[in-house]
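Chain residues, written in single-letter form:
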Amino acid sequence: MSGQAQGFFSGNFILNAYTGYPNILKVSMPTIENIPDNVMPDYTGLAPSGLRMMYMITDDVSFGVDLMYGTASASYTTNDSIFFNGNWEVQSNSYLIKKQRFRPQFRFDLHLGSKEPSFDQYIGLAFGGNLRTREIWQNNILVNQNPNDENLVVPVSLRTCYGFRYFLDYHFCLGGELGIGGPIMQLSLSYRM
């Protein structure tokens, strides 16, 4: 005879703080932004991170809101030879490309049973908005604010995932998630109210 246990029950609220990997905005910048090969760019950014609030509708299904935010930037300098007034001169230009993405999503999770009551696993599906900003600065002057010249920007976002949490005590859990439509991997800290 076997049984299944679970960590969450109908009526529980779960607050999750998480960070993801990799930062696809940052990783894709050399290709998407056509950064010259002969420069040494400095890349920075915040990996997709966020807050998620879930409510257990039943013992097996939760519904909530996910707010995911990520940034990436690249800065570099080009040195070009120009012929000006009969002389060759070197002209330096500094560039800064800044990108931000905010994805507010509604989310459903189907919680799967486990023989270990401190372990929660789930399959999730989320859908919502996809808000992007992009700025290109040349010599500290804003020259472009198009969301992305190279790609079509779709105003909706989707995510499907598998995740798990392990309860450290009644309120706190550590967890992880694998998915597409956002970071491939997430690490999270959850609080049950």
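Keep in mind the model is a prediction, meaning the values are calculated, not measured.

**Q** If you had to explain the confidence of the model for the protein chain to someone new, which residues and values would you point to?
**A** When the pLDDT values of the protein chain are averaged, the result is 89; 94% of them are 70 or greater. Overall, residues 1–5 carries pLDDT values under 50, and its contacts beyond four positions in sequence, including any with other chains, amount to eight contacts.

**Q** Help me get a handle on the nonpolar core, residues and values and all.
**A** Listed in full, the nine residues of the largest apolar core are Leu25, Met29, Ile35, Val39, Ala72, Ala74, Tyr76, Ile97 and Ile136. With three residues, the top contributor of residues to this core is strand E3 (residues 61–84). Residues within four places of Met29 in sequence aside, it is in contact with Asn34, Ile35, Tyr43, Ala72, Ser73, Ala74, Ile97 and Lys99. If you look at the next biggest cluster of nonpolar residues, it comprises six residues, including Ile14, Met56, Phe167 and Cys173.

**Q** Let's hear about the pattern of salt bridges: which residues, and what values?
**A** For side chains bearing opposite charge, pairing can occur when the charged atoms are close. What the rule picks out here adds up to ten salt bridges. Close ionic contact of Asp66 with Arg52 constitutes a salt bridge, the shortest N to O distance being 3.2 Å. With a gap of 14 residues between them, Asp66 in strand E3 and Arg52 in strand E2 (residues 42–56) connect regions that are remote in the sequence. Of the two residues examined, Asp66 and Arg52, each falls in the buried class. As a salt-bridge pair, Asp66 and Arg107 come within 3.9 Å of each other at their nearest N and O atoms. Of this pair, Asp66 sits in strand E3 while Arg107 sits in strand E4 (residues 87–112), and the two are 41 residues apart along the sequence. Taken individually, Asp66 and Arg107 each receive the classification buried, so the pair is uniform in this respect. Through salt bridges with shared partners, a single network forms among Arg52, Asp66, Arg107, Asp109, Arg159 and Glu177.

**Q** Describe the environment of Thr58, listing the residues and the values that go with them.
**A** Note that Thr58 resides in the loop between E2 and E3. With a relative accessible area of 36%, Thr58 lands in the partly exposed category. Taking the C-alpha atoms as reference points, Thr58 and Asn12, 46 residues apart in sequence, are found 9.2 Å from one another. Contact partners of Thr58, with chain neighbours within four places excluded, come to Phe9 and Ser10. For Thr58, the side chain forms a polar contact with the main-chain nitrogen of Asp60, separated by 3.1 Å.

Thresholds applied
- Residues numbered from 1 in each chain as written.
- Predicted model: local features only at pLDDT ≥ 70, side-chain atom pairs only at ≥ 80, totals over all residues.
- Heavy atoms only, no water.
- pLDDT = per-residue confidence, 0-100.
- Contact = heavy atoms within 4.5 Å.
- Core = buried A, V, L, I, M, F, W, Y, C linked by side-chain atoms within 4.5 Å.
- Buried < 20%, exposed > 50% of the residue type's maximum accessible area, 1.4 Å probe, protein only.
- Helix = DSSP H or I, 4+ residues; strand = E, 2+ residues; numbered from the N terminus.
- Salt bridge = Lys/Arg side-chain N within 4 Å of Asp/Glu carboxyl O.
- Polar contact = N/O pair within 3.5 Å; in protein donor to acceptor, adjacent residues only side chain to side chain.

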